[in-house]
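# Chain and residue survey
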Amino acid sequence: AGSVVSHSVPSHAVVVGNPARIVNYTNALKTNDSKPPASIENSLESGAFTNSKDLGVGGCLLVDLPHTKDMQGTLTPIEFTKDLQFLPTRSFFVSSVPSKEIRIEHANHKCHQFLLAIHGSCNVVVDDGRARAEGTLDTPIRGFYLPPMIWGTQYKFTQDAILLVLASHAHDPRDYIYQYETFLETVATLS
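Attention in this report is confined to the structure presented alongside it. (Residues numbered from 1 in each chain as written. Predicted model: local features only at pLDDT ≥ 70, side-chain atom pairs only at ≥ 80, totals over all residues. Heavy atoms only, no water.)

## Observations regarding the pattern of salt bridges
Considering all chains together, one arrives at 4 salt bridges under this definition. In this structure, the salt-bridge partner of Arg-142 is Asp-64, at a minimum N-O distance of 3.0 Å. Taken together, the residues Arg-142 in strand S13 (residues 142-146) and Asp-64 in strand S5 (residues 61-64) connect sequence positions 78 residues apart. For Asp-127, the salt bridge is made with Arg-132, and the minimal N-O distance between the two is 3.2 Å. Judged by relative accessible area, which is 3%, Asp-127 ranks as buried. For Arg-132, a relative accessible area of 10% translates into the label buried. (Salt bridge = Lys/Arg side-chain N within 4 Å of Asp/Glu carboxyl O. Helix = DSSP H or I, 4+ residues; strand = E, 2+ residues; numbered from the N terminus. Buried < 20%, exposed > 50% of the residue type's maximum accessible area, 1.4 Å probe, protein only.)

If you want it as structure tokens, here you go:
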């Protein structure tokens, strides 16, 4: 009530203020652990993430990366052929996102993605057409794994946020779904 909405609001978004900004998503299971758990085991095959939490959304995982911390800092290695469920062929950075805006909402037909906030923080909402979950990336030792056909949204970027995305495929505009209704129709045909 009382919010001034000046442009379209994404599906399931909750907005407040003047001008309205996204503050939450409805029906999203929150997984906002402020610090990584010691170890959460899952039932993935050998070679996949070993310290991860299945979010119950189409195979999406919140992943705690192995790391070593000492007086010289923290080292967080990622061995692509050992630690990831896919071999990245592309990477890109997202930065300077205004905090009141979402970065993007879309799904990919084939591309797997792994998201890491290497500086600052942002929230990630994942949706498989049946269930939705949300988590915060606020440490470079925690990542989000998004398999294909997951509707992904990133928002609540801090001013200093830098999001690294590792992708399994080269950029192909035909792999993207940008309309949520089209995504739901596509998911329904796959069921």
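## Comments concerning the pairing of S5
Burial along S5 is two-sided: the residues Leu-61 and Val-63 and Leu-62 and Asp-64 are all buried. Note that strand S4 (residues 52-54) and S5 share 3 bridges and pair antiparallel. Within the sheet, the bridge partner assigned to Lys-53 lies in S5 and is Leu-62. Taking the residues that link successive antiparallel strands as the turn, the S4-S5 hairpin has 6 residues, and the phi of Gly-56 there is positive, at about 75°. (Pairing = 2+ DSSP bridges.)

## Considerations on the nonpolar core
Ranked by size, the top nonpolar core spans 20 residues in total, and within it Leu-115, Val-126, Leu-137, Phe-144 and Leu-163 carry the most contacts. Listed by contribution, the elements that provide at least two residues to this core are strand S10 (113-119), strand S11 (122-127), strand S12 (132-137), S13 and strand S15 (162-167). With 3 residues, the top contributor of residues to this core is S11. Non-local contacts of Phe-144, meaning those with residues more than four positions away in its chain, are made with Leu-55, Leu-61, Leu-62, Gln-113, Phe-114, Leu-115, Val-124, Val-126, Gly-135 and Leu-137. Grouped together as the second largest cluster of nonpolar side chains are 10 residues, Val-63, Leu-84, Tyr-145 and Leu-164 included. (Core = buried A, V, L, I, M, F, W, Y, C linked by side-chain atoms within 4.5 Å. Contact = heavy atoms within 4.5 Å.)

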